[in-house]
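What follows is each chain in one-letter form.
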Amino acid sequence: AVKGKREQAINWIRDFIEDGSKLVVFAIHKKVIDNLMNEFKGVAVKLYGECSQKERNEAVERFQNDPNVKLFIGNIQAAGVGLTLTAASAVAFLELPWTPGELQQAEDRCHRIGQKNVVNIYYLLAENSVEYKLAKLLDKKKQVLSAVIDGKPVDEKSLITELIESYLEDKGVGKNE
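What you are looking at is a predicted structure, and each value in this text was computed from that prediction instead of being measured.

A.B. asks: Please explain the overall build of the protein as it appears in this structure.
C.D. replies: When its secondary structure is counted, the protein shows 7 helices and 5 strands. The secondary structure elements of the protein, listed N-terminal to C-terminal, are α-β-α-β-α-β-α-β-α-β-α-α. Going through the 177 residues of the protein one by one, you find that 42% of them count as buried. If you take every contact in the protein between residues at least 6 apart in sequence, the share linking residues at least 24 apart comes to 71%. Carbon and sulfur atoms provide 50% of the accessible area of the protein, an area that totals close to 10,200 Å².

See below:
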C-alpha cells in the first residue's frame, strides 16, 4: 500500500513542514522509514528497533530542540511508547499497526505534559486498499474496547476474520461460500 501512495505521501509531508511546522510520522517497515529519511535528509530524524539508546536519545533531543529538524520518522513499536515529542502538534500514520492500543500509544507521543497546542492526527491512507479496510476495523475495535471498559457486553470477532469478511462482501461473495 505504501508503494502506491509514496509520492502523494511525500508531497503531503513536504507541504506540511514547508511552513515550519514539525511533524511526527509513524510507519512499520524499516525500508519505508529509510526511504522517508532519504527524502528528507537534513530536516528529519528517525527511530526504529535497531537504534541504540544513544541514537534514540539523540533523535528525540534533536527533534525537540533543533529548529531545523522538522520531521520525526519512527517505527510504531520502537518509537510509539515512552517518548515525549511535544515539539510537534501533528502525527501522521503512513502505515497502520494491527491493534488500536499501538495506534493510541503512538498518537500519545505528542499528547504529553508540556504540549501547548491541539494535536492533530492524520492517517495517510490509500482508498480501497487493505489499509483502508484496516483503518475501519481499527476504529471499530477501538469502539469495542471502549464498550468493554465501560462494562457493556460486546459480540467481538477477530480482526483478521472481519477483514476477510469485508473483502468477501465487497466482491459479492456470501460468508459461507
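Next comes the rest of the description.
A.B. asks: Quick question: what am I supposed to make of helix α2 (residues 30-39) here?
C.D. replies: Structurally, the α-helix is built with 3.6 residues per turn, so residues lying three or four positions apart point the same way. Where α2 is concerned, the buried positions are Val32, Ile33, Asp34, Leu36 and Met37. Elements that come into contact with the buried residues of α2 comprise α1 (2-18), β1 (23-27), β2 (44-47) and β3 (71-75).

A.B. asks: Is there a simple way to think about the sheet that holds β3 in this case?
C.D. replies: Neighbouring strands of a sheet are bound in pairs by backbone hydrogen bonds; such pairs are parallel or else antiparallel. A sheet is described by the order of its strands in space; here 5 strands give the open sequence β2-β3-β1-β4-β5, paired in parallel fashion. Edge strands, defined here as strands with exactly one partner in the open sheet, are β2 and β5 (120-123). On average, each strand axis in the sheet is tilted by 20° relative to the strand beside it, whichever way the strands run. Relative to β3, β2 is paired through 4 bridges, and the arrangement is parallel. Bridged to Val45 within β3 is Phe72. Relative to β2, helix α3 (residues 53-65) is tilted by about 145°, and along the sheet it contacts β1, β2 and β3. Docked against the sheet, helix α5 (residues 100-107) engages β1, β4 (90-93) and β5, running at close to 145° with respect to β4.

A.B. asks: I keep staring at the pairing of β4 and nothing clicks. Help me out?
C.D. replies: Residues Ala90 and Ala92 line one face of β4 and the alternating positions Val91 and Phe93 line the opposite face, and both faces are buried. As paired strands, β1 and β4 are joined by 3 bridges and run parallel to one another. Residue Val24 lies in a different strand from β4, and its bridge partner there is Val91. Where β4 lies against β5, 4 bridges are found, and the strand directions are parallel. Among the inter-strand pairings, Ala90 is bridged to a residue of β5, identified as Asn120. Of the crossover connections in this fold, the one passing from β4 over α5 to the parallel β5 is right-handed.

A.B. asks: Explain the packing of aromatic side chains here, please?
C.D. replies: How two aromatic rings sit relative to each other is given by the distance of their centres and the angle of their planes. In this structure the tally under the stated criterion is 6 aromatic pairs. The interplanar angle of 70° and the centroid separation of 5.9 Å between the aromatic rings of Phe16 and Tyr122 together place this pair among those described as edge-to-face. On the criterion of sequence distance, the pair formed by Phe16 in helix α1 and Tyr122 in strand β5 is long-range, its members being 106 residues apart. In this arrangement the basic side chain of Lys22 is found over the ring face of Phe63, its NZ or CZ atom lying 5.0 Å from the centre.

Criteria and thresholds
Residues numbered from 1 in each chain as written. Predicted model: local features only at pLDDT ≥ 70, side-chain atom pairs only at ≥ 80, totals over all residues. Heavy atoms only, no water. Helix = DSSP H or I, 4+ residues; strand = E, 2+ residues; numbered from the N terminus. Buried < 20%, exposed > 50% of the residue type's maximum accessible area, 1.4 Å probe, protein only. Contact = heavy atoms within 4.5 Å. Areas by Shrake-Rupley, 256 points an atom, 1.4 Å probe, with all protein chains shown as cover. Pairing = 2+ DSSP bridges. Axes fitted to C-alpha atoms, helices over the stretch in contact; angles between N-to-C directions. Right-handed = clockwise from strand over helix to strand, strands pointing away. Phe/Tyr/Trp six-rings, centres within 6.5 Å; stacked < 30°, edge-to-face > 60°. Lys NZ or Arg CZ within 6 Å of the ring centre and 35° of its normal.

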